[in-house]
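# Survey of secondary and tertiary structure
Each chain, written out:
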Amino acid sequence: MKIFKQKFIIILAGASLISACPAQALDEAKIINEAKGLYESGEVDGAVAIYKTILEKKPDSDIANYDMGIALYDKKEYEKAAEHFKKAALTKNNALERDSFLSIGNSYYRMSEAKEAEYMDKGKKDVGKLKKSLELCEKAVQYYSFASESDGRDRRVKNNYEAARQRAEALEERLKKN
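Now for a description of the structure that goes with this document. In this text, all values refer to a predicted model and were calculated from it rather than measured experimentally.

The rules behind the values
- Residues numbered from 1 in each chain as written.
- Predicted model: local features only at pLDDT ≥ 70, side-chain atom pairs only at ≥ 80, totals over all residues.
- Heavy atoms only, no water.
- Helix = DSSP H or I, 4+ residues; strand = E, 2+ residues; numbered from the N terminus.
- Buried < 20%, exposed > 50% of the residue type's maximum accessible area, 1.4 Å probe, protein only.
- Contact = heavy atoms within 4.5 Å.
- Areas by Shrake-Rupley, 256 points an atom, 1.4 Å probe, with all protein chains shown as cover.
- Phe/Tyr/Trp six-rings, centres within 6.5 Å; stacked < 30°, edge-to-face > 60°.
- Lys NZ or Arg CZ within 6 Å of the ring centre and 35° of its normal.

## So, the overall build of the protein chain
Looking only at helices and strands, the protein chain has seven helices and zero strands in total. Tracing the protein chain from N to C terminus, the helices and strands come up as α-α-α-α-α-α-α. Residues counted as buried form 34% of the 178 residues belonging to the protein chain. For the protein chain, contacts bridging at least 24 residues in sequence account for 57% of all contacts bridging at least 6. Carbon together with sulfur atoms contributes 55% to the accessible area of the protein chain, which is approximately 11400 Å² in total.

As structure tokens, this is what we get:
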């Protein structure tokens, strides 16, 4: 009788864990939707706070990482955004993978532009900043290439790849002149 009770308790505990998983998934989806609503209404900081809470509990959530990346990108925190997009790119969802690679490329492209602006703003031009801008742009090209491998028909990917490739070539030419 004692063994039967123990097995029953174990089975009951397992069943409650299994039934809790769909509820947790629904809760996560509901919370993500709330954060998306905040983001879409312009309350980006509120959305970031919610995504942060979700990711503390579930750091590998592809959707929460992607959405956090979008919010951080909107705040011009491109480096942090790229890190979240990289985590989201580990998904099994092909569309999300493509969009994550595209967004990583966009983040590196923006970081490249910012580094070039730093180079241009200073009275004495620091060639190191221009080299860093080129490195970041080359990373953008690389991630656009990954996005293209995931879905080569997406025009955004093709257009961004081409723009980044041309930018990298122009930066290389400028470096040769310096």
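This is not the end of the story, as more comes after the structure.
## Regarding the packing of aromatic side chains
As enumerated under the stated definition, the model contains six aromatic pairs in all. Look at Phe101 and Tyr143: their rings are 6.2 Å apart centre to centre, the planes differ by 35°, and that puts the pair in the tilted class. With Phe101 in helix H5 (residues 94–121) and Tyr143 in helix H6 (residues 127–150), this pair connects stretches of sequence that are 42 residues apart. Judged by relative accessible area, Phe101 falls into the buried class, the value being 15%. The buried category is assigned to Tyr143, whose relative accessible area is 14%. Centroid distance Tyr143 to Phe146: 5.3 Å. Interplanar angle 90°. Geometry classified as edge-to-face. With Tyr143 and Phe146 both in helix H6 and three residues apart, the pair spans about one turn of that helix. The rings of Phe101, Tyr108, Tyr143 and Phe146 are connected pair by pair, giving a single aromatic cluster. When the ring centre of Tyr109 is taken as reference, the NZ or CZ atom of Arg167 above it lies at 5.4 Å.

## Overview of the side chain of Glu28
Mapped onto the elements, Glu28 comes out in helix H1 (residues 2–40). The class of Glu28 is buried, set by a relative accessible area of 15%. With sequence-adjacent residues up to four places away left out, Glu28 is seen in contact with Ile54, Lys58 and Ser61.

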